[in-house]
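# Understanding the architecture of this molecule
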Amino acid sequence: MNLARGLELRLEKLADGVSASVFRGTMHPIDIASRLIRQVEFLSVDTHVGPEVPNDLVVRLNPADLDEALDRDELVAELENAVTETAAEQGWRLVGPVRIQFTTTSGVPRGILQAEGRNRHAPISPWGQLLADDGSAVLSLSLNRTLIGRALDCDVRVANQEVSRHHVLFYRKSGAAMARDLESANGTCINGVALTALPVSVNAGDSVMLGELTFVFRPLF
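### Observations regarding the side chain of T86
Assignment of secondary structure puts T86 in helix α3 (residues 72–90). Classification of T86 by relative accessible area gives buried; the value is 16%. From its side chain, T86 meets the backbone oxygen of A82 in a polar contact 2.7 Å long.

### Notes on the environment of L131
Relative to the elements of secondary structure, L131 occurs in strand β6 (residues 128–132). Owing to a relative accessible area of 23%, L131 belongs among the partly exposed residues under this scheme. In contact with L131, other than residues within four places in its own chain, are A137, V138, T214, F215, V216 and R218.

### Comments concerning helix α2 (residues 29–42)
An α-helix turns once per 3.6 residues; consequently, residues spaced three or four apart project the same way. Compared with an ideal rise of 1.5 Å per residue, which puts 14 residues at 20 Å, α2 spans 20 Å between its outermost C-alpha atoms and is within 8% of the ideal. For α2, the full list of buried residues reads P29, I32, A33, L36, I37 and V40. The buried residues of α2 occupy an angular sector of 135 degrees when projected down its axis, which confines them to one face. Away from its buried face by more than 90 degrees, α2 exposes R38 and F42.

### Some details on the packing of aromatic side chains
Any pair of aromatic rings gets described here by the distance separating the centres and the angle formed by the planes. Summed over all chains, the structure comprises one aromatic pair. Ring geometry for W127 against F221: centres 6.0 Å apart, planes inclined by 65 degrees, an arrangement best described as edge-to-face. In this pair, W127 is assigned in the loop between β5 (114–118) and β6 and F221 in the segment after β16 (213–219), connecting sequence segments 94 residues apart. Its relative accessible area of 49% is what places F221 among the partly exposed residues. When the ring centre of F221 is taken as origin, the NZ or CZ atom of R172, which lies over that ring, is 5.7 Å away.

### What about the environment of E116?
Locating E116 in the fold gives a position in strand β5. Taking the relative accessible area as the measure of exposure, E116 reaches 42% and is therefore partly exposed. When the C-alpha atoms of E116 and F42 are compared, they prove to be 10.0 Å apart, with 74 residues separating the residues in sequence. Ignoring anything within four residues of it in the chain, the contact list for E116 reads L43, D56, L57, V58 and R60.

### Some points on the sheet that holds strand β12 (residues 188–190)
Taken in spatial order, the six strands make up an open sheet running β7-β6-β16-β15-β12-β13, and their pairing is antiparallel. The sheet is open, and its two borders are formed by β7 (138–141) and β13 (193–194), each paired with just one other strand. Direction of pairing for β12 relative to strand β15 (residues 207–210): antiparallel, over a ladder of three bridges. Residue pairing across strands places T188 opposite L210, the latter belonging to β15.

### Let's talk about the confidence of the model for the protein chain
Considering every residue of the protein chain, the mean pLDDT works out to 91; 90% of them sit at 70 or more. The model gives residues 19–23 a pLDDT under 50, and that stretch makes seven contacts with residues more than four places away or in other chains.

### What about α3?
Taking 1.5 Å of rise per residue, the 19 residues of α3 would be expected to cover 27 Å, and the 26 Å separating its terminal C-alpha atoms lies within 8% of that figure. For α3, the complete set of buried residues consists of L75, V76, E78, L79, E80, A82, V83, E85, T86, A87 and A88. For α3, the N-terminal capping position is held by D71, with its side-chain oxygen 3.0 Å away from the main-chain nitrogen of D73. Just downstream of α3 lies G91, where phi reads positive at about 80 degrees.

Scoring rules and cut-offs
Residues numbered from 1 in each chain as written. Predicted model: local features only at pLDDT ≥ 70, side-chain atom pairs only at ≥ 80, totals over all residues. Heavy atoms only, no water. Helix = DSSP H or I, 4+ residues; strand = E, 2+ residues; numbered from the N terminus. Buried < 20%, exposed > 50% of the residue type's maximum accessible area, 1.4 Å probe, protein only. Polar contact = N/O pair within 3.5 Å; in protein donor to acceptor, adjacent residues only side chain to side chain. Contact = heavy atoms within 4.5 Å. Expected span 1.5 Å × (residues − 1). Arc of directions from axis to C-beta. Phe/Tyr/Trp six-rings, centres within 6.5 Å; stacked < 30°, edge-to-face > 60°. Lys NZ or Arg CZ within 6 Å of the ring centre and 35° of its normal. Pairing = 2+ DSSP bridges. pLDDT = per-residue confidence, 0-100.

In structure tokens form, the structure reads like this:
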């Protein structure tokens, strides 16, 4: 089952039995999630590592658009899941777990969902790891679009002269792990094949070389 269908089924289940009017005059949770995703995409910005979306969101609806029988905590949890899963599917960068503050106010016109957001840096569970073949290091890939390099602004810093300041980018998109070399001086190889600026997929057990440093990729998703 793909991510989108799994999310849709959970939102449908959330709505089951809530209203005999089948949300007549109010927004269905699937519609709320769809509108939110469009707003989040609108809030995306292009960075040197690719598209980034805010993870700390304020969402507003008109009170008449929300069925009072809905469990708001469950709805918020599913909306957070929706943004998180869509980010992984679309290859968007998030700098921490998605958190949503959901409010209703008559100041929002009927049929409109408003959203604003900011980046809130916080620990996030890794979606993959690079394991050094000699057991000396584990590089955790936590952020989608994780930048690995020697510079202080990298998400994962490797203090080794084999590694360029901005060496390689790892990210998830469409259910796959991807890697793209960033014109590093000593190159990046997957299973002995040198990467270019074009992204390639990385699979469990693949050998990843950053210069002469050798790792094994382990997905955690």
